[in-house]
Amino acid sequence: MKKKYLIVTYGCQMNVHESEKIAGILRSRGYEECKDEKEADIIVFNTCCIRENAENHAYGNIGALKKLKRGNPGLLIAVGGCMTQQEGAAERLRKKFPFVDIVFGTHNLDSLGELLDRKAGSKKAVVDIWGKEGEIREDDYSFRTSYPNAWVNIMYGCNNFCSYCIVPYVRGRERSRAPEKISEEVDRLIDGGYKEITLLGQNVNSYGNDREGECSFPQLLRRLCRREDKFRLRFMTSNPKDFGEELVRAIAECPQICHLVHLPVQAGSDRILKLMNRKYTAAEYLRKVELLRKYVPDCQLTTDIMVGFPTETEEDFRATLSLVREAGFSTAFTFVYSRRSGTAAAKMEGQIPESVQKERIMRLVELVNEQTREKSACYRGRTIEILCEDYDEKKGLYLGRDEYGRMGYFRSEKNRIGEFVRLKIGETSGVSLMGEPAD
Ligand code: SAH
Ligand code: SF4
Ligand code: F3S
């Protein structure tokens, strides 16, 4: 019987895709996937540390395995990802959970197979965290689970050091993949039937800066869009400071690029943006939004917003609310600032009490939801094209997104996953749309 693996993933799309790489490594060693931790021979936690609750979540779930491990000493438990890459985190983890067998970081995910070999020959835990970035491994060994969508890394790391953010500390400096390697991977995926490619990087707009101007991000997009086939191209994340006309023109001119841009603004107060080290003002941000809408009038915009950053006043917070109204986001991911040890903001005076943070996030979420509902209501009676990506067994409905990221649901006798489906929209609720196939 084959040995079984279970991977538990926290955090961003980057981690979701890296879990596909972990799955690829385990499968190449003869493991197959299982859904139940009681059946697993190895459980891998791919962790995140962007906010404290992401870490608490992982800690809680790892701790809960103590009993299972006692009853099944052959079970291997491995912990990797951003959380373990933080300074001193591996030691803390080992102290708290001595039953963990393998600890690895973000820079040596590719060598998980070797760590498994090392563990097989030893009773002791294998802890291996690299302080430095490794070489980019170019063979695509991912076991992809998101057909018809595929994630493709175009770069790793981040150089921006926004003052609140732990990512540059746990993901290292920016490293861009060679353009030809990216286009080979994208070609292979589309030839293999994938219909939507999402390019991943912490700041895709600085793609290529470390490769002596060989190929900029807009040039990369144009290169990937040379194919005639019907597919969708998305990317995340764009940092507003590097978002410019060349990119906007590529979005306008390449039919495969979805008219949805995720452009995290974080805050609407210039004073707070400066303290965050974001390198743009609210007015500059809004000018970029205007530029985007000038070239791509139907383009939708989503964002990330944070409340309760150190020293944020009621007036600063109101500036965020007013920017949300002005920018007309179709939806937003909203966060309460979380103090991350080692970052510049963690040392700032004027940390905001939790009660104030909570009150602000509630007001922000209410405004965002109101805007999202208004945008959804505009869909009533319209016909949209979705890429069918899944079947929801509970609801008995197929689902997929339109190019603007809106989820449409429909009934069908036939499996339509992987097809573009035109839907006539009837009911709308929140972000979800219910429709009838129009063909
Ligand atoms: N590279 C992306 C963001 C990656 S992190 C960018 O620059 O936009 C995703 C989001 O998590 C961020 O946009 C930010 O809103 C939020 N975030 C990051 N650090 C945080 C912290 N310390 N507390 C709360 N939210 C945080
Ligand atoms: Fe974090 Fe800023 Fe880098 Fe995004 S750009 S990952 S928020 S440091
Ligand atoms: Fe992503 Fe979390 Fe790491 S958001 S980059 S998994 S800290």
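So, a few notes on the structure that sits alongside this text.

1. A closer look at the overall build of the protein chain
Along its length, the protein chain carries 14 helices and 19 strands. On C-alpha atoms alone, the protein chain measures out to a radius of gyration of 22 Å, which is about the 22 Å that the 2.2 N^0.38 rule sets for 439 residues. On the principal axes, the C-alpha backbone points of the protein chain span a range of 60 × 60 × 45 Å. For the protein chain, the residues scored as buried account for 54% of the 439 residues in total. The contacts in the protein chain between residues at least 6 apart in sequence include a share of 73% that link residues at least 24 apart. On the protein chain, roughly 20,400 Å² of surface is accessible, and the fraction owed to carbon and sulfur atoms is 49%.

2. Focus on helix 5 (residues 89-96)
Three- or four-residue spacings in an α-helix give side chains the same orientation, since the helix completes a turn every 3.6 residues. For helix 5, the set of buried residues is Ala89, Ala90 and Leu93. One side of helix 5 carries all its buried residues, which in axial view fall inside an arc of 100°. Counted as exposed and oriented over 90 degrees from the buried face of helix 5: Glu91 and Lys95. Those residues of helix 5 hidden inside the fold are in contact with helix 2 (52-63), strand 4 (76-81), helix 4 (82-85), strand 5 (102-104) and strand 6 (126-128).

3. Remarks on the sheet that holds strand 5
Here we have six strands laid out as an open sheet, ordered 2-1-3-4-5-6, and parallel in their pairing. Both outer strands of the open sheet, strand 2 (31-33) and strand 6, are each paired with one neighbouring strand and no more. Along the sheet, successive strands turn relative to each other by an average axial angle of 20°, direction set aside. With five bridges joining them, strand 1 (residues 3-9) and strand 3 (residues 42-47) adopt parallel strand pairing. Of the residues in strand 3, the one forming a bridge with leucine 6 is isoleucine 43. Where helix 1 (residues 13-28) meets the sheet, it contacts strand 1, strand 2, strand 3 and strand 5, and its direction lies at approximately 170° from that of strand 1.

4. Quick word on the site of ligand 2
Close to ligand 2 lie Cys158, Asn160, Phe161, Cys162, Tyr164, Cys165, Val167, Pro168, Gln202, Asn239 and Arg278, which account for all nearby residues. Looking at the shell around ligand 2, its residues break down into seven nonpolar, three polar and one charged.

5. Looking at the sheet that holds strand 11 (residues 232-236)
Spatially, 7-10-11 is the arrangement adopted by the three strands of the open sheet, whose pairing is parallel. The open sheet has two edge strands with one neighbour each: strand 7 (149-153) and strand 11. Neighbour to neighbour, the strand axes of the sheet diverge by 25° on average, direction disregarded. Sheet topology places strand 7 next to strand 10 (residues 196-200); five bridges connect them, and they run parallel. Bridge pairing in strand 10 links asparagine 149 to glutamate 196. Along the sheet, helix 9 (residues 217-224) makes contact with strand 10 and strand 11, crossing strand 11 at roughly 160°.

6. A closer look at the pairing of strand 19 (residues 432-437)
Judged from the three bridges that link them, strand 17 (residues 407-410) and strand 19 form a sheet pairing that is parallel. Opposite glycine 408, over in strand 19, you have leucine 433 as the bridge partner. Where strand 18 (residues 420-429) and strand 19 come together, five bridges link them in antiparallel fashion. Considered in strand 19, the bridge of threonine 428 is made with leucine 433.

7. Digging into the packing of helix 8 (residues 179-191) against helix 9
The contact between helix 8 and helix 9 brings their axes to 10 Å, and the two run at 35°. Here helix 8 and helix 9 pass one another in a crossing that is right-handed. On the side of helix 8, the interface is formed by Pro179, Glu180, Ile182, Ser183 and Val186, while helix 9 contributes Leu220, Arg223 and Leu224. A per-class count over the contact of helix 8 with helix 9 returns five nonpolar, one polar and two charged.

8. With respect to the nonpolar core
Counting 67 residues, the largest nonpolar core has Ile197, Leu199 and Phe217 as the members making the most contacts within it. Beyond its immediate chain neighbours, meaning those up to four positions away, isoleucine 197 contacts Ala150, Val152, Val186, Leu189, Ile190, Phe231, Arg232, Leu233 and Arg234. Counting 26 residues, the second largest nonpolar core, distinct from the first, contains Ile77, Val79, Leu93 and Ile166.

9. Focus: the environment of lysine 358
Tracing the sequence through the fold places lysine 358 in helix 14 (residues 354-377). Expressed as a C-alpha distance, the spacing of lysine 358 and valine 307, which sit 51 residues apart in the sequence, is 8.8 Å.

10. With respect to the pattern of salt bridges
One pass over the structure, following the stated rule, counts 34 salt bridges. Across the pair arginine 137 and aspartate 139 runs a salt bridge, and its minimum N-O distance is 3.0 Å. Using a relative accessible area of 43% as the deciding quantity, one classes aspartate 139 as partly exposed. Residues glutamate 354 and lysine 358 are paired through a salt bridge, measuring 3.1 Å at the closest nitrogen-oxygen approach. Highlighted residues: glutamate 354 and lysine 358, both in helix 14, separated by four residues, approximately one helical turn. For lysine 358, a relative accessible area of 49% gives the class partly exposed. Connected through shared salt-bridge partners, Glu138, Asp140, Arg144, Arg177, Glu185 and Arg188 make up one network.

11. Quick look at the environment of threonine 106
Positionally, threonine 106 belongs in the loop between strand 5 and helix 6 (112-120). Separated by 287 residues in sequence, threonine 106 and glutamate 393 place their C-alpha atoms 35 Å apart. When neighbours within four sequence positions are excluded, threonine 106 is seen to be in contact with Gly81, Cys82, Gln85, Val170 and Arg171. Within polar-contact distance, the side chain of threonine 106 engages the backbone oxygen of valine 170 at 2.7 Å.

12. Description of helix 13 (residues 314-327)
The terminal C-alpha atoms of helix 13 lie 20 Å apart, and with 14 residues this matches the ideal 20 Å at 1.5 Å per residue to within 8%. Those residues of helix 13 that sit buried are Asp316, Phe317, Thr320, Leu321, Leu323, Val324 and Ala327. Viewed along the axis of helix 13, the buried residues span an arc of 160°, placing them on a single side of the element. Counted as exposed and oriented over 90 degrees from the buried face of helix 13: Glu315, Arg318, Arg325 and Glu326. On its buried side, helix 13 packs onto helix 11 (270-275), helix 12 (282-295), strand 13 (300-307) and helix 14. Among the residues trailing helix 13, glycine 328 stands out with phi positive, at a value near 60°.

Cut-offs and rules
Residues numbered from 1 in each chain as written. Chains lettered and ligands numbered in written order. Predicted model: local features only at pLDDT ≥ 70, side-chain atom pairs only at ≥ 80, totals over all residues. Heavy atoms only, no water. Helix = DSSP H or I, 4+ residues; strand = E, 2+ residues; numbered from the N terminus. Rg over C-alpha atoms; globule rule 2.2 N^0.38 Å. Buried < 20%, exposed > 50% of the residue type's maximum accessible area, 1.4 Å probe, protein only. Contact = heavy atoms within 4.5 Å. Areas by Shrake-Rupley, 256 points an atom, 1.4 Å probe, with all protein chains shown as cover. Arc of directions from axis to C-beta. Pairing = 2+ DSSP bridges. Axes fitted to C-alpha atoms, helices over the stretch in contact; angles between N-to-C directions. Near = heavy atom within 4 Å. Nonpolar A, V, L, I, M, F, W, Y, C, P; charged D, E, K, R; others polar. Left-handed = near helix turned anticlockwise from the far one by under 90°. Core = buried A, V, L, I, M, F, W, Y, C linked by side-chain atoms within 4.5 Å. Salt bridge = Lys/Arg side-chain N within 4 Å of Asp/Glu carboxyl O. Polar contact = N/O pair within 3.5 Å; in protein donor to acceptor, adjacent residues only side chain to side chain. Expected span 1.5 Å × (residues − 1).

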